[in-house]
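Fold and contact review
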Amino acid sequence: MPIHVYNTLSRKKENFAPSIEETIGVYVCGVTPYSSTHLGHARPSVVWDVIKKFLVWRGYRVYHVQNFTDVDDKIIARANEEGISPLELSAKYAQDYLESMDALGVSRADIYPKVSEHIPEIINMIERLIKKGYAYPSEGNVYYDVEKFTDYGKLSNQRLDELQSGTRFEVDPNKKNPMDFALWKSAKEGEISWDSPWGPGRPGWHIECSVMSEKYLGSNFHFHGGGNDLIFPHHENEIAQSEAATGQPLARYWLHNGMMNFKDSKMSKSLGNIVTIKDVLKKYPKELIRFFILSNHYRSELEYHEEKLTESNKGLRRLNETVKNAICAISLAKNRELNKQDQRILEKIEQCEKDYIAAMEDDFNSALAIASLFDLCRELNGYLSTTNQEGINATVLEKAVETFKVLAGDILGILILDEEKSSDDLVNPLMELILELRQDLRKEKNFKLADKIRDKLSELNILVEDTPQGPRWKQMNGQ
RNA sequence: GGCGGCAUGGCCAAGUGGUAAGGCAGAGCUCUGCAAAAGCUCUAUCCCCAGUUCGAAUCUGGGUGCCGCCUCCA
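Since this is a predicted model, take the numbers as computed values, not measurements.

**Some words on the overall build of chain A**
Counting its secondary structure elements, chain A contains 15 helices and 15 strands. Across its three principal axes, chain A shows a C-alpha extent of roughly 95 × 50 × 35 Å. Taking the contacts inside chain A whose residues are at least 6 apart along the sequence as the reference set, 76% of them involve residues at least 24 apart. Total accessible area on chain A stands at roughly 22,600 Å², and carbon and sulfur atoms take up 49% of it. Averaging the positions of the 61 positive and the 73 negative side-chain charges in chain A gives two centres separated by 4 Å.

Right, here's the structure in full:
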């Protein structure tokens, strides 16, 4: 079955069928690192992390480039406030970004190119654009001449005249057209700058992505991604720059994720309604944040509330408990011929994997993929409570656990399997002892004392459950 | 003003022509000494109006409400 992806450029789902030999080129617009990494940044990162892992699991090779725009107005302003250099400031927050992503279990891109390290290439592309007549210098700046690029507006479906009438800011007298945008900005007094044929200055916002995607992925790669707030002007301008310079389509598929909203509007640094990833991770596991994000389709808008996170946690926990219980049960299960019931569960496992793949192949519908995991979860729980003579089969359980480990663990990153038992060497044997004594009490029908032990342990955040296979305990951490 | 998107049960959320996935919450039941966990059963006709169609949540037109972009933004 072929993969289908929704392409912003055509505004419909398209077939995505690269040959298995070719490496899939992915360029995802990264961040402008001038303040702490927030949950809004987690969305595209987690989504693309999962897309990459899914594609790799399906046998493809992926090369992923993600930039840091480490020189820009905001960075300069913020650096001045803090009394450090712009590059020091952006390096600090780029580091914060990478740490946050590592903490979320997001696999790293193959390369994170920075604007400040690609000045010669940027100057080179600007020169190419000037030579071809798509750009013009003016007072130490260089502007892109949008009227020269006849396809301008094709990604965001805008018409140049409409855009102009919507102009809300003062028109720069150096520009031929109000919509022209800067490729090179002349430096103000004392500002960070590089020498160029047009005088000291720095790159405009959009040019770095055109330059760095070409350098690392060539002129016609597979996926270009980012938040849908980047469609205009950022990606529109990238297309104008790259396609004018190379004469080739920039990317074949444009994938845009929806915004993460907080308090009814987009989470963004300038609105000040941000929740940092590191803060959330102090209270909740990374798997929960991923589960929360992946439970929604990547293109839809996602409203963040802490209560929604705790609610999601209950579903996630059920999923994880099922897998843990299955792992525990393997040692008690039997190795015998498969009976009809075993056969049925094996079919369910297969069905789950089929549904999961179909969901992911349909524009990476992780929400639907997760639903297939819950379907298997229910079947497996039913199987685990089997009480008939033949009991449960170890091979079946192993197959189920393996499936969860790959689909939920390796690809989605939402499986939590360790941590319930104490790391303290003393606690485990001690708990064994307590539970053994409590079992004796229960056999003697001394339920009063047995219940007291359970209650007191509960006060210590240790949950005791009596199952057909014997007592089970776990530490409850936090929520 | 222009462009794009969204509106599905108490809450969250899939589904883009054939009669509504999944999660959470709720009710009842089963299992259990009790509990916990788990399982089973139950709970919607898809914002409003008009239309196309044998048939629409799904297509078309109109309306209402919300969000994003057009200024830095994932």
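**Some points on the sheet that holds strand β13 (residues 302-304)**
Reading across from one edge, β12-β11-β13 is the order of the three strands in this open sheet, with mixed pairing throughout. Looking at strand neighbours, the two that pair on one side only are β12 (265-266) and β13, the edges of this open sheet. In this structure, strand β11 (residues 260-262) lies alongside β12, joined through two bridges in antiparallel fashion. The residue of β12 that forms the bridge with Phe 262 is Ser 265.

**With respect to the pairing of strand β4 (residues 61-66)**
Sheet analysis places strand β3 (residues 23-28) next to β4, joined by six bridges and oriented parallel. Its bridge partner being in β4, Thr 23 is matched across the sheet by Arg 61. Of the crossover connections in this fold, the one passing from β3 over helix α1 (residues 39-57) to the parallel β4 is right-handed.

**Digging into the packing of α1 against helix α13 (residues 394-412)**
Packing of α1 against α13 leaves a shortest axis separation of 9 Å and a crossing angle of 130 degrees. Classed by the angle they form, the pair α1 and α13 counts as oblique. Residues Val 50, Lys 53, Phe 54 and Trp 57 of α1 form the contact with α13, whose own contacting residues are Val 406, Leu 407, Asp 410, Ile 411 and Leu 412. Classifying every residue of the contact of α1 with α13 by side-chain character gives seven nonpolar, no polar and two charged.

**Things to note about α13**
Compared with an ideal rise of 1.5 Å per residue, which puts 19 residues at 27 Å, α13 spans 25 Å between its outermost C-alpha atoms and is within 8% of the ideal. At Lys 405, α13 is deflected by roughly 30 degrees, the largest bend along its length. Among the residues of α13, the N-terminal cap falls to Asn 393, whose side-chain oxygen and the backbone nitrogen of Thr 395 are separated by 2.6 Å. Gly 413 sits one or two positions beyond α13 and adopts a positive phi of about 70 degrees.

**Quick notes on empty space enclosed by the protein**
Taken as a whole and assessed by the stated rule, the structure comprises five cavities of 30 Å³ or more. Quantified by volume, the largest cavity comes out at close to 100 Å³. Every residue lining the largest cavity is counted, 15 residues in all, and those nearest its centre are His 64, Gln 66, Val 106, Ser 107 and Tyr 112. Broken down by secondary-structure element, the contributors of at least two residues to the lining of the largest cavity are α1, β4 and α3 (86-103).

**Here we look at the pairing of β3**
Counting buried residues along β3, five of its six residues qualify, which places the element largely inside the surrounding structure. Sheet analysis places β3 next to strand β9 (residues 221-227), joined by three bridges and oriented parallel. In the strand pairing of β9, Tyr 27 is matched with His 224.

**A few points about α1**
With 19 residues, α1 should reach 27 Å at 1.5 Å per residue; the first-to-last C-alpha distance of 27 Å fits that figure. Most of α1 sits out of view: 16 of its 19 residues are buried. Gly 59 sits one or two residues past α1 and shows a positive phi near 105 degrees.

**Comments concerning the domain arrangement of chain A**
Taken domain by domain, chain A consists of domain 1 (3-302), domain 2 (308-412) and domain 3 (427-475). Between domain 2 and domain 3, the C-alpha centre-to-centre distance is 28 Å.

**Focus: the sheet that holds β3**
Taken together, the four strands give an open sheet; going across it, the order is β4-β3-β9-β10, and neighbouring strands pair in parallel fashion. Each end of this open sheet is capped by a strand with a single partner; those strands are β4 and β10 (251-257). Across the sheet, the mean angle from the axis of one strand to that of its neighbour is 20 degrees, orientation sign disregarded. Across the face of the sheet, helix α6 (residues 207-217) comes into contact with β3, β4 and β9 while running at roughly 160 degrees to β3. Helix-sheet contacts for helix α7 (residues 231-246) involve β9 and β10, and the interaxial angle to β9 is about 155 degrees.

**Some thoughts on the pattern of salt bridges**
Across all of its chains, the model carries 36 salt bridges by this definition. Between Arg 290 and Asp 49 there is a salt bridge whose closest N-O contact spans 2.8 Å. Here the residue Arg 290 occupies a position in helix α9 (residues 286-294), and Asp 49 occupies one in helix α1, the gap between them amounting to 241 residues. One salt bridge connects Asp 145 with Lys 148, and the closest N-O pair in it is separated by 3.3 Å. According to the relative accessible area criterion, Asp 145 is buried, its value standing at 6%.

**As for the nonpolar core**
With 85 residues, the main nonpolar core has Leu 39, Phe 223, Tyr 304, Leu 373 and Leu 397 as its most contacted residues. Counting residues per element, this core draws most heavily on α13, at 11 residues. The residues that make up this core include at least three from each of domain 1 (3-302) and domain 2 (308-412). Excluding its chain neighbours within four sequence positions, the residues that come into contact with Leu 397 are Ala 326, Ala 329, Ile 330, Ala 333, Leu 380, Tyr 383, Leu 384 and Ile 392. Among the nonpolar cores identified, the runner-up in size contains 41 residues, and Ile 122, Leu 163, Cys 209 and Ala 251 belong to it.

**Section: a nonpolar patch on the surface**
On the surface, a cluster of nonpolar side chains totalling about 390 Å² of accessible area is made up of Leu 426, Leu 430, Leu 433 and Leu 437. Owing to a relative accessible area of 44%, Leu 430 belongs among the partly exposed residues under this scheme.

Cut-offs used in this document
Residue numbers restart at each chain and count upward from 1, following the sequence in its written direction. Ligands are numbered from 1 and chains lettered from A, in the order in which they are written. In keeping with the predicted nature of the model, local features appear solely for residues at pLDDT of at least 70, side-chain atom pairs appear and are counted solely at 80 or more, and the whole-chain, interface and lining totals rest on all residues. Only heavy atoms go into the side-chain values, all of them from the structure, while hydrogens and water stay out. Here a strand is any run of E in DSSP of at least two residues, a helix any run of H or I of at least four, and the numbering for each starts at the N terminus. Two residues form a contact once any of their heavy atoms are found within 4.5 Å. Areas reported as accessible are Shrake-Rupley estimates using a 1.4 Å probe. Residue values count occlusion only from the protein chains shown. For this count, His and the chain ends are skipped, Lys and Arg are scored as positive, and Asp and Glu as negative. To locate a charge, take NZ of a lysine, CZ of an arginine, CG of an aspartate or CD of a glutamate. At least two DSSP bridges between two strands are needed for those strands to be called paired. For a crossover, the right-handed case is the one in which the path from the first strand over the helix to the second runs clockwise, viewed with the strands pointing away from the viewer. All axes here are fitted lines through C-alpha atoms, helices being fitted over the stretch that makes contact, and every angle between N-to-C directions spans 0 to 180 degrees. Orientation categories follow fixed angle ranges, with anything under 35 degrees roughly parallel, anything over 145 roughly antiparallel, 65 to 115 roughly perpendicular, and all other angles oblique. Residues are grouped as follows: Ala, Val, Leu, Ile, Met, Phe, Trp, Tyr, Cys and Pro are nonpolar; Asp, Glu, Lys and Arg are charged; every other residue, Gly included, is polar. The span expected for a helix works out to 1.5 Å for each residue beyond the first. A residue's bend is the angle separating two fitted axes: one through the seven residues that end there, the other through the seven that start there. Polar contact is defined as a pair of N or O atoms within 3.5 Å, subject to the rule that within protein one atom must be able to donate a hydrogen and the other to accept it, and that residues adjacent in sequence are counted only when both atoms are side-chain atoms. Detection works on a 1 Å grid of protein atoms alone, calling trapped sets that fit a 1.4 Å probe cavities and calling open sets with protein on both sides within 12 Å along at least five of seven lines pockets, with lining residues defined by an atom within 4 Å of a point. Grid points are joined across faces, edges and corners, and a volume is the space filled by probe spheres set on the points. When accessible area is computed with a 1.4 Å probe and restricted to protein chains, residues below 20% of their type maximum are described as buried, those above 50% as exposed, and intermediate ones as partly exposed. Marked domain ranges trace back to an automatic or database domain assignment. We define a salt bridge as a side-chain nitrogen of Lys or Arg found within 4 Å of a carboxyl oxygen belonging to Asp or Glu. Nonpolar core, defined: a set of buried Ala, Val, Leu, Ile, Met, Phe, Trp, Tyr and Cys residues in which side-chain atoms within 4.5 Å join the residues together. Residues forming no salt bridge and having over 30% relative accessible area are the ones grouped into patches, like charges within 9 Å of each other and nonpolar side chains (Val, Leu, Ile, Met, Phe, Trp, Tyr) within 5 Å.

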